[in-house]
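# Commentary on secondary and tertiary structure
Residue-level listing of the chains:
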Amino acid sequence: QVQLVESGGGLVQPGGSLRLSCVASGSIFSINSMGWYRQVSGKQRELVATIISDDSTNYADSVKGRFTISRDNANNTVFLQMTSLKSEDTAVYYCYATMRISSRSWFYGYWGQGTQVTVSS
């Protein structure tokens, strides 16, 4: 069984910073991409940032220059450093990873349970 567990969410004032972490655990053979999505109640889940195995990254336009995604391959962990936070960044942030559990399996997508980020004064 494979599991993604996020941490680091919370309440922060506008202009502040937070660092989210997500650890993948279980029967993991390899991880391809890891990333972060966010969702506001009543709206579609949207991409925030992704990082793939060669460390290339992709960001939503709304977070470019403010958020930085990174990964620790040795510990199956992905991070999202968020700075200059705005009220519109308030959402539940979900970790996502494409992983396979053996050399003969396909890559499948897995989601974490989500962590709330609230930006408010």
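Residues numbered from 1 in each chain as written. Predicted model: local features only at pLDDT ≥ 70, side-chain atom pairs only at ≥ 80, totals over all residues. Heavy atoms only, no water.

## What to know about the overall build of the protein
Just so we agree on the cut-off: Helix and strand assignments follow DSSP, with helices taken as H or I runs no shorter than four residues and strands as E runs no shorter than two, numbered in order from the N terminus. Here's how the labels work: a residue is buried when its accessible area is under 20% of the maximum for its type, exposed when over 50%, partly exposed in between, all with a 1.4 Å probe on protein chains only. What makes two residues a contact is simply this: any of their non-hydrogen atoms within 4.5 Å. What sets the accessible areas is the Shrake-Rupley method with a 1.4 Å probe; for residues, cover comes only from the shown protein chains. Here the positive residues are Lys and Arg and the negative ones are Asp and Glu; neither His nor the chain ends is included. Every charge is mapped onto a representative atom, which is NZ of Lys, CZ of Arg, CG of Asp or CD of Glu.
Looking only at helices and strands, the protein has 0 helices and 11 strands in total. Overall, the protein shows an N-to-C arrangement of helices and strands of β-β-β-β-β-β-β-β-β-β-β. In terms of overall dimensions, the protein has C-alpha extents of about 50 × 25 × 25 Å along its principal axes. Across the 121 residues that make up the protein, the buried fraction comes to 39%. Across the protein, the fraction of contacts at a sequence separation of at least 24, relative to all contacts at a separation of at least 6, is 56%. With an accessible surface of roughly 6,600 Å², the protein has 47% of that area assigned to carbon and sulfur atoms. With 10 positive and 8 negative side-chain charges, the protein shows a separation of 4 Å between the mean positions of the two kinds.

## Some points on the state of the cysteines
Note the cut-off: Counting rule for disulfides: a pair of cysteine sulfur atoms within 2.5 Å.
With the rule as written, the count across this model stands at 1 disulfide. Cys 22 shares a disulfide with Cys 95; S-S distance 2.1 Å. Of note, the bridge from Cys 22 to Cys 95 carries an S-S torsion of about -85° and is left-handed in sense. Taken together, the residues Cys 22 in strand β3 (residues 18–26) and Cys 95 in strand β9 (residues 91–100) connect sequence positions 73 residues apart. For Cys 22, a relative accessible area of 0% puts it in the buried group. Cys 95 sits in the buried class, given a relative accessible area of 0%.

## Regarding the nonpolar core
Put simply, the test is: By convention a nonpolar core is built from buried Ala, Val, Leu, Ile, Met, Phe, Trp, Tyr and Cys residues, the set being connected through side-chain atoms within 4.5 Å.
Counting residues in hydrophobic clusters, the biggest one holds 29 residues, and the most contacted among them are Trp 36, Leu 80, Met 82 and Tyr 93. Breaking this core down by element, the ones donating at least two residues are β1 (2–7), β3, β4 (30–39), β5 (46–51), β7 (67–72), β8 (77–82), β9 and β11 (115–119). Looking at this core, the element that brings in the most residues is β9, giving 5 residues. Leave out the neighbours within four places in its chain, and Tyr 93 touches Glu 6, Leu 20, Trp 36, Tyr 37, Arg 38, Val 48, Phe 67, Leu 80, Met 82, Gly 114, Thr 115 and Val 117.

## Things to note about the pairing of β8
Defined as follows: At least two DSSP bridges between two strands are required for those strands to pair.
When you tally the buried positions in β8, you get 5 out of 6 residues, the bulk of the element. Strand direction decides the pairing type here: β3 and β8, joined by 6 bridges, are antiparallel. Looking at β8, one finds that Ser 21 is bridged to Phe 79. Of the strand pairs in this sheet, β7 and β8 are connected by 6 bridges, and their pairing is antiparallel. Counterpart to Ile 69 in the pairing with β8 is Leu 80. In sequence, β7 turns back onto β8 through a hairpin of 4 residues, with Asn 76 there showing a positive phi of about 50°.

## Notes on the sheet that holds β1
Keep this limit in mind: Inter-axis angles, ranging from 0 to 180 degrees, are taken between N-to-C directions of lines fitted to C-alpha atoms, where helices are fitted over the stretch in contact.
Spatial strand order, β1-β3-β8-β7: 4 strands in an open sheet with antiparallel pairing. Whereas interior strands pair on both sides, the edge strands pair on one side only; in this sheet they are β1 and β7. Sheet twist, expressed as the average angle between the axes of neighbouring strands with direction ignored, equals 15°.

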